[in-house]
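# Structure at a glance
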Amino acid sequence: MTIRSAVWAALGTVLDPEIDEPITDLGFVESCTVADGVATVRLRLPTFFCAPNFSWLMVADAYDAVSAVPGVTRAEVTLADHHASAEINGGVAAQSGFVRSFAGEAVAELDELRRQFFRKAALAGQDRVARPLVDAGMGPDELAATTLGDLAPSGELDRMRKRRAELGLPHDDRAPLLIDAEGRAIPPAAVPLHLRRARLQRVGIETNGANCTDLLRTRYRQAAGAHPG
């Protein structure tokens with residue numbers, strides 16, 4: 001694997017926190033080059049006004065991921081055409097943190113915000129994993145008794161396990177498929193309401209993802225029109 005390929009793979013581990021999808025899949029990586037050990041990555045988000053805290057998480061995570069790639073001696077990760085590009089790019093490069101980079105505006109670092117998004121992703125993941133079981137006719141009693149070890153391996157299951165692990169929630173084979181925000185098993189009587197909530201969370205995330213993709217496609221078309229050739 002070339003260093004450039006390794007850098008791209010590292011960027012694939014960086015997620016849009018709201019959508020819970022890799023920035024590479026979403027098209028947020030405008031360019032990625034490596035020369036003499038220096039990895040230069042340019043990100044572009046769907047709108048000029050994407051929230052600075054969300055944007056910071058992606059740029060900072062991309063910087064950390066790329067910097068950790070063997071053979072990369074320096075990472076230069078920047079966000080293009082964003083209303084807070086200067087603060088984000090300067091702060092990430094200096095490793096000064098979100099609060100110092102937005103002095104007078106930010107009052108806390110973004111750890112709790114990240115956890116909020118992980119909680120949403122973990123809930124949406126329960127719908128992704130449980131939906132085929134529901135469609136196959138599994139009822140509330142069976143769903144409440146199902147553990148992660150009962151399920152066939154899948155990418156969706158792996159992703160849900162990872163989100164739970166990041167939150168300190170049960171994620172081994174003995175863990176119930178359906179749990180609340182505290183990690184407690186959902187009883188059979190509460191399964192229908194819990195799955196409706198999980199479904200709404202999943203639909204909201206996927207709708208945001210589709211909207212972001214459409215907006216970004218429009219931005220790239222506009223940029224191409226403004227700079228022909």
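Residues numbered from 1 in each chain as written. Predicted model: local features only at pLDDT ≥ 70, side-chain atom pairs only at ≥ 80, totals over all residues. Heavy atoms only, no water.

### Some words on the packing of aromatic side chains
This is how the line gets drawn: Only Phe, Tyr and Trp rings are paired, with Trp represented by its six-membered ring, and only when their centres lie within 6.5 Å; those with planes under 30 degrees apart are stacked, over 60 edge-to-face, the remainder tilted. With a 1.4 Å probe rolled over the protein chains alone, any residue whose accessible area is under 20% of its type maximum counts as buried; one over 50% counts as exposed, and the rest are partly exposed. Strands are runs of DSSP state E lasting at least two residues, helices are runs of H or I lasting at least four, and both sets are numbered from the N terminus onward.
Scanning the model with the defined rule gives four aromatic pairs in all. With 4.9 Å between their ring centres and 90° between their planes, phenylalanine 48 and phenylalanine 49 make a pair best called edge-to-face. For phenylalanine 49, a relative accessible area of 64% gives the class exposed. With a centroid separation of 5.0 Å and 80° between ring planes, the pair formed by phenylalanine 54 and phenylalanine 117 is classed as edge-to-face. Pair noted here: phenylalanine 54 is in helix α3 (residues 52-67) and phenylalanine 117 is in helix α6 (residues 111-135), with a separation of 63 residues, a long-range link.

### Description of the pattern of salt bridges
Basically, it comes down to this: The term salt bridge refers to a side-chain nitrogen of Lys or Arg lying within 4 Å of a carboxyl oxygen of Asp or Glu.
On inspection of all chains with the given rule, the structure shows 18 salt bridges. One salt bridge connects arginine 44 with aspartate 81, and the closest N-O pair in it is separated by 3.2 Å. Within this pair, whereas arginine 44 is found in the loop between β4 (38-43) and α3, its partner aspartate 81 is found in the loop between β5 (74-79) and α4 (85-94), the two being separated by 37 residues in sequence. For arginine 44, a relative accessible area of 8% corresponds to the buried category. With relative accessibility at 40%, the residue aspartate 81 sits in the partly exposed group. A salt bridge links aspartate 173 to arginine 161; the shortest N-O distance between them is 2.7 Å. Taken together, the positions of aspartate 173 in the loop between α8 (155-167) and α9 (191-226) and arginine 161 in helix α8 put the pair 12 residues apart, joining distant regions of the chain. Note on aspartate 173: relative accessible area 47%, which makes it partly exposed. What makes arginine 161 buried here is its relative accessible area of 19%. Here the salt bridges share partners, and the residues they tie into one network are Asp20, Glu21, Arg128, Glu156, Arg159, Arg163 and Glu166.

### Side note on unusual backbone geometry
Despite not being glycine, aspartate 20 shows a phi value in the positive range, around 60°. Among the structural elements, aspartate 20 can be located in the loop between β1 (15-16) and β2 (21-22). Look at aspartate 20 and you get buried, because its relative accessible area is 5%. Notably, aspartate 36 is not glycine yet its phi reads approximately 55°, a positive angle. Since its relative accessible area comes to 79%, aspartate 36 is described here as exposed.

### With respect to the nonpolar core
Convention followed: We define the nonpolar core as a collection of buried residues of types Ala, Val, Leu, Ile, Met, Phe, Trp, Tyr and Cys that are connected through side-chain atoms lying within 4.5 Å of one another.
Val7, Leu11, Val41 and Leu43 are the most contacted members of the largest nonpolar core, which has 44 residues in total. One finds Leu157, Leu177, Ile186 and Val191 within the second-largest nonpolar core, a separate group that totals 15 residues.

### Quick notes on the sheet that holds β4
Stated formally: Strands were regarded as paired on the criterion that DSSP finds at least two bridges between them. Note on method: axes are straight lines fitted to C-alpha atoms, helices fitted across the in-contact stretch only, with angles between N-to-C directions ranging 0 to 180 degrees.
Reading across the sheet, the three strands line up as β3-β4-β5 and stay open at both edges, with mixed pairing between neighbours. One side of each edge strand has no neighbouring strand; the edge strands of this open sheet are β3 (29-35) and β5. Looking at each pair of strands side by side, their axes are set apart by 10° on average, direction ignored. Pairing of β3 with β4, which is carried by six bridges, proceeds in the antiparallel orientation.

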